[in-house]
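What follows is each chain in one-letter form.
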Amino acid sequence: MTNSKDFEMDAVLRILDAASKNYPPGSKEEAAVQLAAVSLLYIRRIKKLEEFLAYHQEFSEPASVVSVAQDFTTQEEADGWLSSGKAVDGSLVRIAGQGFQVIQLPNGLKFLRTPLPEELGPPGAK
């Protein structure tokens, strides 16, 4: 159900309706399920369903599509790149086998530890 040709709005709305009935009326859970249904209806109303489904597909693509901008053997090598002016906020990098994201802070760019999909293991594994 991740692309527009497989998405059936009415079927999804029926599922959400059934799910909401599993919770007491007025509960936070029931309200959350109802909000999801109304959100889908709104997206359809403003004629953005195709864009939403494309976003959903992008959001839920397999982890293998994560793009690592740079791969560094050492922290020193990565720090040199970071201070060179070539780093861009949001870039994912691998340093000595571990994932990091470049983030912009008030005092400059820094690395934020961000495990890459291969570090987390297969989907559903704990």
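Report follows, based on the coordinates. (Residues numbered from 1 in each chain as written. Predicted model: local features only at pLDDT ≥ 70, side-chain atom pairs only at ≥ 80, totals over all residues. Heavy atoms only, no water.)

1. Remarks on the overall build of the protein chain
Right, on to step 1. The number of helices and strands found in the protein chain is 5 helices and 4 strands.
Right, on to step 2. Going from N to C terminus, the protein chain has its helices and strands arranged as α-α-α-β-α-β-β-β-α.
Right, on to step 3. Expressed as a percentage of the 126 residues in the protein chain, the buried residues total 24%.
Right, on to step 4. Long-range pairs, those at least 24 residues apart, make up 31% of the contacts in the protein chain between residues at least 6 apart in sequence.
Right, on to step 5. As displayed, the protein chain has an accessible area near 9,000 Å², and 57% of this comes from carbon and sulfur atoms. (Helix = DSSP H or I, 4+ residues; strand = E, 2+ residues; numbered from the N terminus. Buried < 20%, exposed > 50% of the residue type's maximum accessible area, 1.4 Å probe, protein only. Contact = heavy atoms within 4.5 Å. Areas by Shrake-Rupley, 256 points an atom, 1.4 Å probe, with all protein chains shown as cover.)

2. Quick notes on the sheet that holds strand E1 (residues 70–72)
Right, on to step 1. With respect to topology, 4 strands assemble into an open sheet ordered E1-E2-E3-E4, the strand pairing being mixed. In this open sheet, the two edge strands, each paired with only one partner strand, are E1 and strand E4 (108–113). Strand-to-strand twist in this sheet, taken as the mean axis angle between neighbours without regard to direction, amounts to 35°.
Right, on to step 2. Pairing of E1 with strand E2 (residues 92–95), which is carried by 3 bridges, proceeds in the parallel orientation. Looking at the pairing, Asp71 lines up with Arg94 of E2.
Right, on to step 3. Each of E1, E2, strand E3 (98–105) and E4 is contacted by helix H4 (residues 75–83), which is oriented at about 145° to E4, the strand it contacts most. (Pairing = 2+ DSSP bridges. Axes fitted to C-alpha atoms, helices over the stretch in contact; angles between N-to-C directions.)

3. A word on the packing of aromatic side chains
Right, on to step 1. Within this structure, the stated rule accounts for 2 aromatic pairs.
Right, on to step 2. Between the aromatic rings of Phe72 and Trp81, the centroid separation amounts to 5.4 Å while the plane-to-plane angle is 45°, which identifies the pairing as tilted.
Right, on to step 3. Judged by its relative accessible area of 12%, Trp81 falls in the buried class.
Right, on to step 4. Ring centres of Phe100 and Phe111 lie 6.2 Å apart, and the angle between their planes is 65°; this geometry places the pair in the edge-to-face category. Of this pair, Phe100 sits in strand E3 while Phe111 sits in strand E4, and the two are 11 residues apart along the sequence.
Right, on to step 5. According to the relative accessible area criterion, Phe100 is buried, its value standing at 11%. (Phe/Tyr/Trp six-rings, centres within 6.5 Å; stacked < 30°, edge-to-face > 60°.)

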